[in-house]
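Chain by chain, the residues run as shown.
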Amino acid sequence: MPADKPAILFVCLGNICRSPLAEAAFRIEAERAGLEAEADSAGTGAWHAGEPPDRRAQAVARRNGIDISGYRARQVEPADFHRFSHIVALDGDNLAVLRRLRSGDGAALSLLLDHVPGRRGEAVADPYYGADAGFDATWADVTLGARHLVRTLKA
């Protein structure tokens, strides 16, 4: 686990919607705050491994000035628990999976919205099966979560 700078892994189910958006939002917020950090994303499932983010996730990122088209989905692996200082789930189900996968010491586990005052325990809604507008709501949540996570890491 890197000692010199935080390394954050964002995790959702398939790694094509919420977690790549959270990774992108975190990168932007960290840069704005002058926080040097590593960021990546993964899924607890492997259904989309190797695929780019959902076209709607790419569109909402693009509307916010970020190109995530080069991101590729991957599944969480045991080494991630030691490569990253923090593994941040986007919902409680994925957090429960991460807790089962983790053996011994390693990355601190949390929900993204746990870092936002008043939102502890809340999930970032999965927009995959909904309308395109759901991706805007997801972007708003991951941006807010990323901003507060950066503040926590800088403190």
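All of these numbers come straight from a predicted model, not from anything done at the bench.

**Overview of the pairing of strand S2 (residues 38–43)**
Turning to step 1, where the next piece is worked out: Buried residues dominate S2, accounting for five of its six residues.
Turning to step 2, where the next piece is worked out: Looking at chain direction, strand S1 (residues 7–12) and S2 are connected through six bridges and run parallel. Across the sheet, Leu-9 pairs through a bridge with Asp-40, a residue of S2.
Turning to step 3, where the next piece is worked out: Handedness of the crossover joining S1 and S2 through helix H1 (residues 18–33) is recorded here as right-handed.

**Comments concerning the pairing of S1**
Turning to step 1, where the next piece is worked out: Across the six residues of S1, six count as buried, placing the element largely inside the fold.
Turning to step 2, where the next piece is worked out: Across the two faces of S1 the burial is the same, with Ala-7, Leu-9 and Val-11 and Ile-8, Phe-10 and Cys-12 all buried.
Turning to step 3, where the next piece is worked out: Across four bridges, S1 lies against strand S3 (residues 86–89) in parallel orientation. Its bridge partner lying in S3, Leu-9 is registered against Ile-87.

**Quick notes on the pattern of salt bridges**
Turning to step 1, where the next piece is worked out: Evaluated as defined, the whole model comprises 15 salt bridges.
Turning to step 2, where the next piece is worked out: Glu-38 is paired through a salt bridge with Arg-83; the nearest N and O atoms lie 2.6 Å apart. Separated by 45 residues along the polypeptide, Glu-38 in strand S2 and Arg-83 in helix H3 (residues 80–83) bring together distant segments of the chain.
Turning to step 3, where the next piece is worked out: The class for Glu-38 is partly exposed, based on a relative accessible area of 22%.

**Digging into the environment of Thr-138**
Turning to step 1, where the next piece is worked out: Take Thr-138: it is sitting in helix H5 (residues 133–154).
Turning to step 2, where the next piece is worked out: The exposure class of Thr-138 is buried, given its relative accessible area of 2%.
Turning to step 3, where the next piece is worked out: For the pair formed by Thr-138 and Lys-154, sequence separation is 16 residues and the distance between their alpha carbons is 24 Å.
Turning to step 4, where the next piece is worked out: Those residues in contact with Thr-138 that sit more than four places away from it in its chain are Arg-18, Leu-21, Val-124, Ala-125 and Pro-127.

**Things to note about the packing of helix H2 (residues 55–63) against H5**
Turning to step 1, where the next piece is worked out: Look at H2 against H5: their axes get within 9 Å of each other, and the N-to-C directions meet at 55°. Accordingly, the angle class assigned to the pair H2 and H5 is oblique. As H2 runs across H5, the sense of the crossing is right-handed. Contacts between H2 and H5 pair Arg-56, Ala-57, Val-60 and Arg-63 from the former with Phe-135, Asp-136 and Trp-139 from the latter.
Turning to step 2, where the next piece is worked out: In the contact of H2 with H5, the residues fall into four nonpolar, no polar and three charged.

What counts and how
- Residues numbered from 1 in each chain as written.
- Predicted model: local features only at pLDDT ≥ 70, side-chain atom pairs only at ≥ 80, totals over all residues.
- Heavy atoms only, no water.
- Buried < 20%, exposed > 50% of the residue type's maximum accessible area, 1.4 Å probe, protein only.
- Helix = DSSP H or I, 4+ residues; strand = E, 2+ residues; numbered from the N terminus.
- Pairing = 2+ DSSP bridges.
- Right-handed = clockwise from strand over helix to strand, strands pointing away.
- Salt bridge = Lys/Arg side-chain N within 4 Å of Asp/Glu carboxyl O.
- Contact = heavy atoms within 4.5 Å.
- Axes fitted to C-alpha atoms, helices over the stretch in contact; angles between N-to-C directions.
- Parallel < 35°, antiparallel > 145°, perpendicular 65-115°, else oblique.
- Left-handed = near helix turned anticlockwise from the far one by under 90°.
- Nonpolar A, V, L, I, M, F, W, Y, C, P; charged D, E, K, R; others polar.

Limitation: the analysis is restricted to geometry and does not speak to function.
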